[in-house]
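Okay, here's what each chain looks like letter by letter:
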Amino acid sequence: MISGLCGRLVRLTGAALMIAALVGPVLSGRAALALDPVRTTYLEKCGGCHGIEGLSGQTYIPTLRDRIGTLSCTPEGRAYLLAVPGVSMSLIRDDALMAQVMNFVLFDLGGRSTPAGTRPFTAEEVRTQRGHPLSTTDLPAVRAGVWARAVACANHR
């Protein structure tokens with residue numbers, strides 16, 4: 001019985017070595033990607049809807065990648081970013097962490113859409129805006145108006 005078990009282990013080990021020999025060279029050129037706490041929080045709390053790279057596709061949920069920074073062109077758009085339900089009612093209750101996540105969204109995901117000189121969000125700004133969450137029964141209409149004014153601002157810079 002022991003010799004049969006040893007034979008199975010040898011075959012299993014041999015198979016594992018074969019897989020490692022085949023897969024190892026493919027993976028050796030790539031280092032594992034370690035995410036910092038801010039990106040991890042974005043992925044856990046926001047990425048399910050907005051996409052892991054800020055690309056939500058053709059849905060009700062806005063795409064963030066290379067677009068979201070446009071909203072920071074106006075004070076109204078900047079406040080809107082912190083007042084939308086996904087932010088104002090987020091499970092990210094730590095204002096400093098939320099500011100860091102929003103800065104990741106604005107500067108990293110927003111990329112070229114974020115105007116030069118845009119100031120980062122602060123914990124105090126997050127705390128203040130959470131006290132004034134967006135209240136509407138027609139979020140798409142509100143978003144469209146805020147977006148149109150931000151785009152007009154960005155086009156005049």
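Residues numbered from 1 in each chain as written. Predicted model: local features only at pLDDT ≥ 70, side-chain atom pairs only at ≥ 80, totals over all residues. Heavy atoms only, no water.

K.L.:
Can you walk me through the state of the cysteines in this structure?
P.N.:
Covalent bonding between the sulfur atoms of two cysteines defines a disulfide. Scanning all chains against the criterion turns up 1 disulfide. Through a disulfide, C73 is tied to C153; the S-S separation comes to 2.0 Å. Measuring handedness by torsion sign, the sulfur bridge of C73 and C153 sits at about -70 degrees and is left-handed. Within this pair, whereas C73 is found in the loop between α3 (47-50) and α4 (75-83), its partner C153 is found in helix α8 (residues 139-155), the two being separated by 80 residues in sequence. Its relative accessible area of 7% is what places C73 among the buried residues. Since its relative accessible area comes to 22%, C153 is described here as partly exposed. Residue C46 stays outside any disulfide, its sulfur separated by 8.7 Å from that of C49, the closest cysteine. C46 sits in the buried class, given a relative accessible area of 18%. (Disulfide = S-S within 2.5 Å. Helix = DSSP H or I, 4+ residues; strand = E, 2+ residues; numbered from the N terminus. Buried < 20%, exposed > 50% of the residue type's maximum accessible area, 1.4 Å probe, protein only.)

K.L.:
Just to check I follow, could you spell out unusual backbone geometry for this structure?
P.N.:
Its identity is not glycine, yet D66 carries a phi of approximately 55 degrees, on the positive side. One can find D66 in the loop between α3 and α4. Of the residues examined, D66 reaches a relative accessible area of 28% and is grouped as partly exposed.

K.L.:
So what exactly am I meant to see when it comes to the packing of aromatic side chains here?
P.N.:
Each aromatic ring pair is described using two quantities: the centre-to-centre distance and the angle formed by the ring planes. This structure, assessed with the given rule, holds 1 aromatic pair. Taking NZ or CZ as reference, R78 lies 4.3 Å from the ring centre of F121, over its face. Taking NZ or CZ as reference, R143 lies 5.3 Å from the ring centre of Y60, over its face. (Phe/Tyr/Trp six-rings, centres within 6.5 Å; stacked < 30°, edge-to-face > 60°. Lys NZ or Arg CZ within 6 Å of the ring centre and 35° of its normal.)

K.L.:
Please clarify how the packing of α4 against helix α7 (residues 123-130) should be interpreted in this entry.
P.N.:
Any two packed helices are characterised by how steeply their axes cross, that is the angle between the axes, and by the distance between the axes. For the pair α4 and α7, interaxial distance at closest approach is 9 Å and the crossing angle is 75 degrees. Classified by the angle between their axes, α4 and α7 sit roughly perpendicular to one another. In this structure, α4 uses R78, A79 and L82 to contact α7, whose residues at the interface are E125, V126 and Q129. (Axes fitted to C-alpha atoms, helices over the stretch in contact; angles between N-to-C directions. Parallel < 35°, antiparallel > 145°, perpendicular 65-115°, else oblique. Contact = heavy atoms within 4.5 Å.)

K.L.:
Hey, could you run me through the nonpolar core in this one?
P.N.:
A general tendency of soluble globular proteins is for nonpolar side chains to be buried together. Grouped together as the largest cluster of nonpolar side chains are 25 residues, with contacts concentrated most on Y42, L71, L81, M102, V105 and F121. Of all the secondary structure elements, the ones that give two or more residues to this core are α2 (37-45), α4, α6 (95-109) and α8. Every residue in contact with Y42, bar those within four places of it in the chain, is listed here: G47, H50, G51, I52, G54, L64, V101, F104, V105 and L109. (Core = buried A, V, L, I, M, F, W, Y, C linked by side-chain atoms within 4.5 Å.)

K.L.:
I would appreciate a short explanation of the pattern of salt bridges in the present structure.
P.N.:
Pairing is possible between side chains of opposite charge, provided their charged atoms come close. Summed over the entire model, instances satisfying the criterion amount to 9 salt bridges. Across the salt bridge formed by D66 and R112, the nearest N and O atoms sit 3.5 Å from each other. Within this pair, whereas D66 is found in the loop between α3 and α4, its partner R112 is found in the loop between α6 and α7, the two being separated by 46 residues in sequence. Connected via shared salt-bridge partners are D95, E124, R127 and R130. (Salt bridge = Lys/Arg side-chain N within 4 Å of Asp/Glu carboxyl O.)

K.L.:
How do you make sense of the confidence of the model for the protein when you look at a structure like this?
P.N.:
Interpretation of this model should avoid reading the predicted coordinates in detail wherever pLDDT is low. Chain-level statistics for the protein give a pLDDT mean of 85 and a share of 79% at 70 or above. The secondary-structure element of the protein with the lowest mean pLDDT is helix α1 (residues 2-28), recorded at 48, while α6 shows the highest, at 98. Within the model, pLDDT remains below 50 along residues 5-12, and this stretch shows 0 contacts once partners closer than five positions in the same chain are excluded. This stretch, residues 15-27, has a pLDDT under 50; its non-local contacts, to residues over four places away or in other chains, come to 2 contacts. (pLDDT = per-residue confidence, 0-100.)

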